[in-house]
Each structure stands twice: as structure tokens, then as C-alpha cells.
Amino acid sequence: MRFASAATFAGLLTVVSAHFQLQYPAPRGPFVEDQELTFCDGYANAVSNRTQFPISGGFFSLNSEHPQWTLGAIISTVQNPNNFANFTDSSGNEQTAIPFFQTSGEGSFCAPLDISDITGVTLKAGMNVTVQWIFDGGDGELFQCADLTLADIPPPNITCTNATNAAVTPLSSAPAFTTGSSTGSSTSSAPSASNTNGAAISSTAFGVSGIFGVVGVILALI
Ligand SMILES: *[C@@H]1O[C@H](CO)[C@@H](O)[C@H](O)[C@H]1NC(C)=O
Ligand SMILES: *[C@@H]1O[C@H](CO)[C@@H](O)[C@H](O)[C@H]1NC(C)=O
Ligand SMILES: *[C@@H]1O[C@H](CO)[C@@H](O)[C@H](O)[C@H]1NC(C)=O
Ligand SMILES: *[C@@H]1O[C@H](CO)[C@@H](O)[C@H](O)[C@H]1NC(C)=O
Ligand SMILES: *[C@@H]1O[C@H](CO)[C@@H](O)[C@H](O)[C@H]1NC(C)=O
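Residues numbered from 1 in each chain as written. Chains lettered and ligands numbered in written order. Predicted model: local features only at pLDDT ≥ 70, side-chain atom pairs only at ≥ 80, totals over all residues. Heavy atoms only, no water.

### Brief notes about the environment of Gln 68
The criterion, for reference: A run of H or I in DSSP becomes a helix once it reaches four residues, and a run of E becomes a strand once it reaches two; helices and strands are each numbered from the N terminus. With a 1.4 Å probe rolled over the protein chains alone, any residue whose accessible area is under 20% of its type maximum counts as buried; one over 50% counts as exposed, and the rest are partly exposed.
Position of Gln 68 relative to the elements: it lies in strand S4 (residues 68-76). Residue Gln 68 is classed as partly exposed on the basis of its relative accessible area of 22%.

So this is what it looks like as C-alpha cells:
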């Protein structure tokens, strides 16, 4: 059964921990492995060197180190969103940038992020926004953010590929994470709650050899 194999993977990955890295647009800072369960990978504050991002025709890319995963993204129009509540509307509903879906495959993944397709949020060229990606490979939600300035520009000419052509299945509902984190009441993803005010990040990301080391461990276990 698919469920059984996913559970097996979740067990392995809990032991070795697991990762995804946002590659484009650039995240707030270098990937911090031990903060990825927290708001914006532990980066509490928006950066000033924002990425100019196309108002239409945009895309994003990331690297998945999980064989099976779900992904979605939320968007904030707050200049310095530093907690999950800043990604909700006045009624407290998440502002969806990328509806949650499930797919599979490790390696690069590249898909549209067309700002002009986002509903329920007024978005125009010149606005500063922050997009927060929420990735779940079976052992909790992982978060990375990119601070953007929307612009009437074409998408950048950068290489963007899918490592696999795995099917993408929309999820009927988004996973629960924001309310628990912003109010302090606990959910299974509660690790993010303690960090919504952002611990200072002083270290740089784990080295490449560390990341590859983890992959090596996963492959060895399979
Ligand atoms: C902003 O500058 C920092 C320091 O040079 C860099 O690490 C980061 O990747 C830059 N962020 C963006 C979004 O370009
Ligand atoms: C967008 O953010 C930049 C960098 O923080 C800031 O200089 C600029 O004034 C902001 N623009 C708007 C429209 O708020
Ligand atoms: C961002 O969230 C904080 C905490 O909930 C809130 O106090 C602040 O007003 C929010 N900022 C904006 C601009 O909505
Ligand atoms: C990668 O797959 C996603 C999901 O099927 C698709 O939307 C996207 O267009 C693909 N990217 C490329 C570069 O083919
Ligand atoms: C995009 O980049 C490729 C490879 O760097 C180059 O061959 C191509 O001419 C570029 N296309 C545009 C429209 O700039």
C-alpha cells in the first residue's frame, strides 16, 4: 500500500531529518537546516534586498530531498511579516499563493507562481510582498520565505526543470499550521510556535557535504 511506504519513509526521515531548499526566488538567507520547521526557516524579518518578481508569468523552483511531499504557499502584503498572522486576511483566513498539492520525486521542481492568478488579495506592480512556501515530506511542515517586489517585468531567463514528471494532485484542504503558530495553541506542527518572533540566526547553512551526507544515509537505508 502506498500509505505503508509513505509511513516507512516518514519513520526514516524523522531520524535523519529532511529538507527542501527554495532556489528561486531567493529565500531570506542561506538555508538553515535546524530552523526549517519554524516560520520562514528561522528568518524573522524581511530582507531589504528584495527580488523583483514578475506580476504575471512567474515561477518558482526548489530542491526536494523527499520522495513524496506536499507543497503550498501563502502570501503577505505586510512590509515586514514576522508571524503567520501577517499571512492572513482580516477574517483570519490564509492568503493562498499556491494551492496545496501532493506530488513525488526528489530533486528540482519548478512550477508556475503567477501572481495575477492569486485571488482574494489585491496585488499590483510596485507592491512588496512575502511568499512563504510550506513543504511537508512526512515529518512536519518546513517553511521558507522570499521577500519580493512585484514588477511589470518578464520572468527571468534561468534554467528551471523538473527532476521527475510525477503527477500533481491538488489537496482538498490546506494543512493546519497557522492558527496554532500565531496564537500559541499547540498543533502537531507546534515547533513553529516558539519561533514566530524569530530567533536570531547567526550561523550559515549546513555545508553541502552535510546535506549530501543525509542523502547518503537515506539511500543507504533504502
Ligand atoms: C540578500 O543579500 C544577502 C547578503 O548578501 C544574501 O545572502 C541574500 O541571498 C540576498 N537575498 C536576496 C533575496 O537576494
Ligand atoms: C519595499 O521595500 C523596500 C525595501 O525594504 C523599501 O525600501 C520600499 O520603500 C518598499 N516599498 C514600498 C512600496 O513599501
Ligand atoms: C502583523 O502581525 C502582528 C501580530 O499579529 C500584528 O500586530 C500586526 O498588526 C500585523 N501587521 C500588519 C501590518 O497587519
Ligand atoms: C513541473 O511540474 C509542474 C507540476 O506538474 C508543472 O506545473 C510545471 O510546469 C513543470 N515544470 C516544467 C519546467 O516543466
Ligand atoms: C536565455 O538563456 C540562454 C542560455 O543562457 C540563452 O541561450 C538564451 O538566448 C536566453 N534567452 C533570452 C530570451 O535571453
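### Quick notes on the packing of aromatic side chains
We count it as follows: Stacked, tilted and edge-to-face pairs are distinguished by plane angle, under 30 degrees for stacked and over 60 for edge-to-face with tilted covering the rest, among Phe, Tyr and Trp rings (Trp via its six-membered ring) whose centres lie within 6.5 Å.
Applying the stated criterion across every chain yields a total of twelve aromatic pairs. Aromatic pair Trp 69 and Phe 109: ring centres 5.1 Å apart, planes at 90°, arrangement edge-to-face. One end of the pair, Trp 69, is in strand S4; the other, Phe 109, is in strand S6 (residues 107-112), and 40 residues separate them in sequence. Taken individually, Trp 69 and Phe 109 each receive the classification buried, so the pair is uniform in this respect.

### With respect to the nonpolar core
As a reminder of what qualifies: In this description, a nonpolar core means a group of buried Ala, Val, Leu, Ile, Met, Phe, Trp, Tyr and Cys residues linked to one another through side-chain atoms lying within 4.5 Å.
Of all hydrophobic cores here, the largest spans 31 residues; its most connected members are Phe 60, Ile 75, Leu 113, Ile 115 and Trp 133. When contributions to this core are tallied by element, the ones reaching two or more residues are strand S1 (20-24), strand S3 (59-64), S4, strand S5 (96-104), S6, strand S7 (128-136) and strand S8 (141-151). Grouped together as the second largest cluster of nonpolar side chains are nine residues, Phe 39, Cys 40, Phe 143 and Cys 145 included.

### Quick look at the state of the cysteines
Applicable threshold: Working definition: a disulfide is two cysteine sulfur atoms within 2.5 Å of each other.
Enumeration over the complete set of coordinates arrives at two disulfides. Cys 110 shares a disulfide with Cys 160; S-S distance 1.6 Å. Across the S-S bond of Cys 110 and Cys 160 the torsion is about 105°, and the bridge reads as right-handed. Placement of Cys 110 in strand S6 and of Cys 160 in the loop between S8 and strand S9 (169-170) is noted, with a sequence separation of 50 residues between them.

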